Each structure stands twice: as C-alpha cells, then as structure tokens.
Amino acid sequence: MIRPAEPPDTDLLFSMIVALATYERAPDQVAGSSELLATALFGPDRAAEALVAELEGTPVGFALFYRTFSTWECRSGIWLEDLFVPDEHRGTGVGFALLRELAATTVARGYTRLEWAALHWNEPALRFYERLDARRLDDWIMHRLEGAPLQRLAGT
C-alpha cells in the first residue's frame, strides 16, 4: 500500500533519510532533524510531500518530492528528491509501486514531468530506472552552491 505521509510518520521518514544517506556513503552530511522535516512536510509553508510504502502494515520505503516548474512548457512538474527502499525489501516491487504512485500524482495534477537524479555509481538504481524507460539527461550537469560560496555570492 502506498499512502501520503502524515505527521506521525516524521521520525520514521527521518530514520529512512539517514539510512539512505548511509547507503549513499554520506551519513555525515545529514544536517537536518525530525523537527525540521516535520516543518517542511506538514508546516504552514510546506516545502515538500512524501509517500510511505507499507507491506502488511509495516513501512518498507518512502518517496519525498516537491513541485518544480518548466519555463519552456510553462507548466509544473515533480522533482523526486529521495526514493528509498531498505535492502531487505528491494526487488519486491516497492520502488516500482512508489514511482507508479508518483507518476499517477504527476499526471493527475496536470504536470508534465517527473524528474530525479541518481548517483553515477548506483548501478542497481540506474538499471531500475532504465527498465522504466526513464531518459538519462546526460547533457545537463547539476550544480550546487552551499556554505561559504553561497554566503559569498549572497554578499553576506
């Protein structure tokens, strides 16, 4: 079963975010908290949404996403920030079910795109996305400003 996340899911979601960071070899980069996540997902100015996958009532994965906008299409899309299924539940269809629900949400809202990034070394995920006919956007290179460079550019 795939369902929208609710406030009582916050600690569960945050623990899966930490597990995802560990899988992605970056657990030390998790700087957030359950409290910050609760505000982002359920506060008055929601920044994101999440879906929870359950198997026989047990949480077995999640997807966290937010709305984007295409200037060329002048329409919204969805950015999938995180998709995570613990090792013991991979290969059971949970990831597919989460992506299918997110695709249905994208279409139902009249959005045009569902997009995400994957680490270049995560071959199991890359093969999974390829089987879905997801197109790799090799022409685009992601960039990020954070920390001191962000502050410097901001003039602070």
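These numbers were taken from a predicted model, which means no experiment stands behind them. (Residues numbered from 1 in each chain as written. Predicted model: local features only at pLDDT ≥ 70, side-chain atom pairs only at ≥ 80, totals over all residues. Heavy atoms only, no water.)

Quick look at the overall build of the protein chain now. Of regular secondary structure, the protein chain possesses five helices and five strands. Reading the helices (α) and strands (β) of the protein chain from amino to carboxyl end gives β-α-α-β-β-β-α-β-α-α. Taking 15 Å as the expected radius of gyration for a compact globule of 156 residues, we find that the protein chain reaches 16 Å, a close match to that expectation. Within the protein chain, contacts between residues at least 6 apart in sequence are counted, and of these 54% link residues at least 24 apart. For the protein chain, the exposed area adds up to about 10600 Å²; of that, 54% sits on carbon and sulfur atoms. Considering the protein chain, the positive charge centre built from 15 side chains and the negative charge centre built from 23 side chains are found 6 Å apart. (Helix = DSSP H or I, 4+ residues; strand = E, 2+ residues; numbered from the N terminus. Rg over C-alpha atoms; globule rule 2.2 N^0.38 Å. Contact = heavy atoms within 4.5 Å. Areas by Shrake-Rupley, 256 points an atom, 1.4 Å probe, with all protein chains shown as cover. Lys, Arg positive; Asp, Glu negative; His and termini not counted. Charge placed at Lys NZ, Arg CZ, Asp CG, Glu CD.)

Glancing now at the pattern of salt bridges. Here the structure, examined in full by the defined rule, presents six salt bridges. Here D9 makes a salt bridge to R3, at a shortest N to O gap of 2.7 Å. The pair D9 / R3 is uniform in exposure class, with both members buried. The salt bridge partner of E73 is R113, with a shortest N-O separation of 3.7 Å. With E73 in the loop between β3 (58–70) and β4 (75–84) and R113 in the loop between α3 (94–108) and β5 (114–116), this pair connects stretches of sequence that are 40 residues apart. Its relative accessible area of 35% is what places E73 among the partly exposed residues. Take R113: its relative accessible area is 30%, and that puts it in the partly exposed class. Within the structure, one salt-bridge network assembled from shared partners comprises R3, D9 and E54. (Salt bridge = Lys/Arg side-chain N within 4 Å of Asp/Glu carboxyl O. Buried < 20%, exposed > 50% of the residue type's maximum accessible area, 1.4 Å probe, protein only.)

In this section: the sheet that holds strand β1 (residues 2–4). Spatially, β1-β2-β3-β4-β5 is the arrangement adopted by the five strands of the open sheet, whose pairing is mixed. At either margin of the open sheet sits one strand with a lone partner, and together these are β1 and β5. Shown here is a sheet whose adjacent strand axes are inclined to one another by a mean of 35°, direction ignored. In the sheet, β1 pairs with strand β2 (residues 49–55) via three bridges, with the strands oriented antiparallel. In the strand pairing of β2, P4 is matched with L51. (Pairing = 2+ DSSP bridges. Axes fitted to C-alpha atoms, helices over the stretch in contact; angles between N-to-C directions.)

To continue, consider the nonpolar core. Residues L80, L83, V94, L98, L99, L102 and Y129 are the most contacted members of the largest nonpolar core, which totals 17 residues. Those elements that provide at least two residues to this core are β2, β3, β4, α3 and α4 (123–131). If you tally residues by element for this core, the top one is α3, at four residues. One finds F14, L20, A50 and F84 within the second-largest nonpolar core, a separate group that totals 14 residues. (Core = buried A, V, L, I, M, F, W, Y, C linked by side-chain atoms within 4.5 Å.)

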